[in-house]
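Results of the structural survey
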Amino acid sequence: MYKCVHCGFCLQACPTYLETGLETESPRGRIALMKAVNEGRIGITPDVYRHWDLCIQCRACEVACPSGVPYGNLIEATMSEVDQQRKKGLLARVAGNLVLNSILPKQGRLELVANVLRLYQSSGLQSAVRKTKILSTLAPGLAEMEMSSPTVSKQRFRARGQVYPAQGEVRARVAILSGCVMPLMHGSEMDAAMRVLTRNGCEVEVTKGQGCCGAIHSHVGDLERARALARKNIDAFEARGVDAVIVASAGCGARMKEYGHLLENDPGYAERASRFSETVKDIHEYLVDLPFTPPTAKLDRRVTYQDSCHLANAQRITDAPRTILTSIPGVELVEMERSDVCCGAGGTYTITEREFSLRVLDSKMRNVGRTNADVLATANPGCVLQLQYGTQRYGPPVEVKYVTDLLDEAYRREDG
Ligand code: SF4
Ligand code: SF4
C-alpha cells in the first residue's frame, strides 16, 4: 500500500468515485484508510469499513495506476480482516454461513435451491407475486431483489467426468471449469462454449471432483474457505494432465489464475498452485491463441461489448473477445462509451450494496443505449445477469449474450 503516491490517476477509472465524486469512495481514499489502520491511527470501525464495503472490487484502479499498486491483493486482505472483526447480527451470520459454506461449495445443494427457484418461477407463483405487488407492500427491498432474480435454466450442465470429443483432428486436450452458478443458470450457454471448443479441435473433459472456484468467498473476505476450494480444484484438475484448464467465466478465471498468490503460504500447495494457475486459460484468450477458425456464415447484428472487470482488469484481456466478435461476418462492433467501467455486479455486491449497484448499472445502461446496438455481449455470468436486469429495468431492449454464444450461433448457421 505504500507504493501509492496519491497521484489520483486511478480516480476516473473508479465507478464508485465517478458516481459520488467523494475521495472516501475512491481507490486513493480507500488505500489511505488502509494505511491509517495499519499505522494504528484509526481502528476498523463500521464508519471505516463502510468505504471498503462500497468498493465493487472491479480492479479498474489497478490498471490505471502508474505506480503498480496491487489494489486487488490489498482489498482482498483488507476484507479478510474486516470479516474477522465485523460484528454480524445472528441472521446475517446464519445466512452467510448457509450460502457460502453449506450451499455454494456443494453442487447438489445448489441444484436443490435452483430447483425450488425454478418451481417458483414456472408454477405461476412468481407472476402472481409480481401482479399483486404483495412483496412490494410488505418488503420493498425483497421485492427489488425478487425482480432481479435470474431465470433458472431448465438445461443444466454437470461435471461428471464426461469427455466431449474434438471435431476432426485433435489439436488439444483440455479440461473445463464447470463452476457453481453458471451451470445452473446458463447451462445452454455452457453447452455453446463446449461446441465452440470441440469445433476447433479441442477434446474437452468436464473433470469430476471440481467445484466452486472460491471467487465469491474471496470477495467477502472468507479467504480460508476460498483456499479450501482452491485446493480441491487443484487436486481434481492436476491429476488429469491436460494441456489447459479452460474457464468461460471471467470472475472464476481471475480467481484461478491467482491461486498461486492465494496459497503462497501453504507449504503443501504453494508450488503446485503457481504451476496450476499457469495452465488456467480464459476461453477467449485460448480460442484466439489456438487459433480458432473464423465462421463463414453471416450474423447481421449490431453488437456492443461490455468489458467484464475480471477479464479486462484482473486478467488484462480486452482484445481477444473483440477479435472473436469481429471475426463473425456481418457483426458490426460498436464500442460504447466507458465499456471499461464496471456494470455494478461484483461477487455479492448486487445483494449487499443493492442501491449503489443499481446506480452504477443505470449509468452503464445509458451508455449501452447510445450505441443503438441490438446485442450486448460480455464474458461473465454475473455481468450477464446484471445487464439482463438492466435491460428490464432501464432499457434499451438489447439481447445480452456471451461472446461465445455469438460465435456458436454463427458456426451453427454455417452448418445449416
Ligand atoms: S476496485 Fe473498482 S470500485 Fe474498488 S476502488 Fe478500485 S476502481 Fe474503485
Ligand atoms: S493511481 Fe496508484 S499511486 Fe496514484 S493514487 Fe491511485 S493507487 Fe495511488
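Going by the structure above, here's the rest.
The following refers to the structure shown. (Residues numbered from 1 in each chain as written. Chains lettered and ligands numbered in written order. Predicted model: local features only at pLDDT ≥ 70, side-chain atom pairs only at ≥ 80, totals over all residues. Heavy atoms only, no water.)

Another point: the packing of aromatic side chains. Within the structure shown, the criterion is met by 2 aromatic pairs. Judged by centre distance (6.1 Å) and plane angle (25°), the ring pair of F237 and F276 falls under stacked. With F237 in helix α14 (residues 223–238) and F276 in helix α17 (residues 270–279), this residue pair connects regions lying 39 residues apart in the sequence. F276 matches F237 in its accessibility class, with the two residues each being buried. Arranged with centres 5.8 Å apart and planes meeting at 20°, the rings of Y259 and F276 form a pair that is stacked. Highlighted residues: Y259 in helix α16 (residues 259–262) and F276 in helix α17, separated in sequence by 17 residues. Residue Y259 is classed as buried on the basis of its relative accessible area, which comes to 0%. Under the relative-accessibility criterion, F276 is labelled buried at 5%. Grouping aromatic residues by their ring pairs yields a cluster made of F237, Y259 and F276. Directly above the aromatic system of Y49 lies the positively charged group of R86, at a separation of 4.6 Å from the ring centroid. The ring of Y269 has R231 sitting right over it, with the charged end atom 5.9 Å from the ring centre. (Phe/Tyr/Trp six-rings, centres within 6.5 Å; stacked < 30°, edge-to-face > 60°. Helix = DSSP H or I, 4+ residues; strand = E, 2+ residues; numbered from the N terminus. Buried < 20%, exposed > 50% of the residue type's maximum accessible area, 1.4 Å probe, protein only. Lys NZ or Arg CZ within 6 Å of the ring centre and 35° of its normal.)

In this section: the nonpolar core. Among the nonpolar cores identified, the biggest contains 55 residues, and L197, Y286 and L287 are the most heavily contacted of them. Here L197 is in contact with I176, C202, V204, I246, I283, Y286 and L287, once residues within four sequence places are set aside. Ranked by size, the runner-up nonpolar core spans 21 residues in total, among them Y49, V69, L74 and V82. (Core = buried A, V, L, I, M, F, W, Y, C linked by side-chain atoms within 4.5 Å. Contact = heavy atoms within 4.5 Å.)

To continue, consider the site of ligand 1. For ligand 1, the full set of nearby residues is C14, P15, T16, P27, R30, C55, I56, Q57, C58, R59, C61 and Y71. Elements supplying a minimum of two residues to the shell around ligand 1: α1 (15–20) and α2 (27–38). Looking at side-chain class alone, the shell around ligand 1 contains 8 nonpolar, 2 polar and 2 charged residues. (Near = heavy atom within 4 Å. Nonpolar A, V, L, I, M, F, W, Y, C, P; charged D, E, K, R; others polar.)

Right, let's talk about the site of ligand 2 for a bit. Around ligand 2, the surrounding shell holds 13 residues, and the nearest of these are C4, C7, G8, C10 and C65. Looking at the shell around ligand 2, its residues break down into 9 nonpolar, 3 polar and 1 charged.

Turning our attention to the pairing of strand β8 (residues 375–378). Side chains V375 and A377 project from β8 onto one buried face, and the interleaved L376 and T378 project onto a second face that is buried too. Looking at chain direction, strand β6 (residues 301–305) and β8 are connected through 3 bridges and run parallel. When the sheet's bridge partners are listed, V303 is paired in β8 with V375. Pairing between β8 and strand β9 (residues 399–402): 4 bridges, direction parallel. When the sheet's bridge partners are listed, T378 is paired in β9 with Y402. (Pairing = 2+ DSSP bridges.)

Interhelical geometry of α14 versus α17 gives an angle of 65° and a closest axis separation of 10 Å. Note on packing geometry: the crossing formed by α14 with α17 is left-handed. In this structure, α14 uses N233, I234, D235, F237 and E238 to contact α17, whose residues at the interface are R272, A273, R275 and F276. Looking at side-chain class alone, the contact of α14 with α17 contains 4 nonpolar, 1 polar and 4 charged residues. (Axes fitted to C-alpha atoms, helices over the stretch in contact; angles between N-to-C directions. Left-handed = near helix turned anticlockwise from the far one by under 90°.)

Our next topic: the side chain of Q121. Among the structural elements, Q121 can be located in helix α7 (residues 107–122). Residue classification places Q121 among the buried positions, given a relative accessible area of 15%. Here the side chain of Q121 touches V152 through a polar contact of 2.9 Å, landing on its backbone nitrogen. Not counting residues up to four positions away in its chain, the partners in contact with Q121 are Q126, S149, P150, T151 and V152. (Polar contact = N/O pair within 3.5 Å; in protein donor to acceptor, adjacent residues only side chain to side chain.)

Right, let's get into the pairing of strand β3 (residues 202–205). Strand direction decides the pairing type here: strand β1 (residues 163–164) and β3, joined by 2 bridges, are antiparallel. By the bridge assignment, V163 is partnered in β3 with E205. Strand direction decides the pairing type here: strand β2 (residues 172–176) and β3, joined by 4 bridges, are parallel. Considered in β3, the bridge of V174 is made with V204.

A word on the side chain of K364. Tracing the backbone through its elements, the reader meets K364 in helix α22 (residues 354–370). When neighbours within four sequence positions are excluded, K364 is seen to be in contact with Q306, M336, R338, S339, V341, C342, C343 and L387.

Helical periodicity: at 3.6 residues per turn, an α-helix aligns residues three or four positions apart in one direction. For helix α3 (residues 46–53), every residue scored as buried is listed here: V48, Y49, H51, W52 and D53. Elements that come into contact with the buried residues of α3 comprise α2, α5 (71–85) and α21 (349–352).

Right, let's get into the sheet that holds β8. Spatially, 4 strands are ordered β7-β6-β8-β9 in an open sheet, and the strand pairing comes out parallel. Whereas interior strands pair on both sides, the edge strands pair on one side only; in this sheet they are β7 (331–333) and β9. Each neighbouring strand pair of the sheet contributes to a mean axis angle of 35°, computed without reference to strand direction.

Okay, unusual backbone geometry next. Excluding glycine, most residues fall at negative phi; most peptide bonds, likewise, are trans. In this structure, P291 follows L290 across a cis peptide bond, with omega equal to 0°. Residue placement: P291 occurs in the loop between α18 (283–289) and β6. Even without a glycine there, the phi angle at H6 is positive, about 60°. With respect to the secondary-structure elements, H6 resides in the segment before α1. The class for H6 is partly exposed, based on a relative accessible area of 46%.

Purely spatial values, then, with no claim about function.
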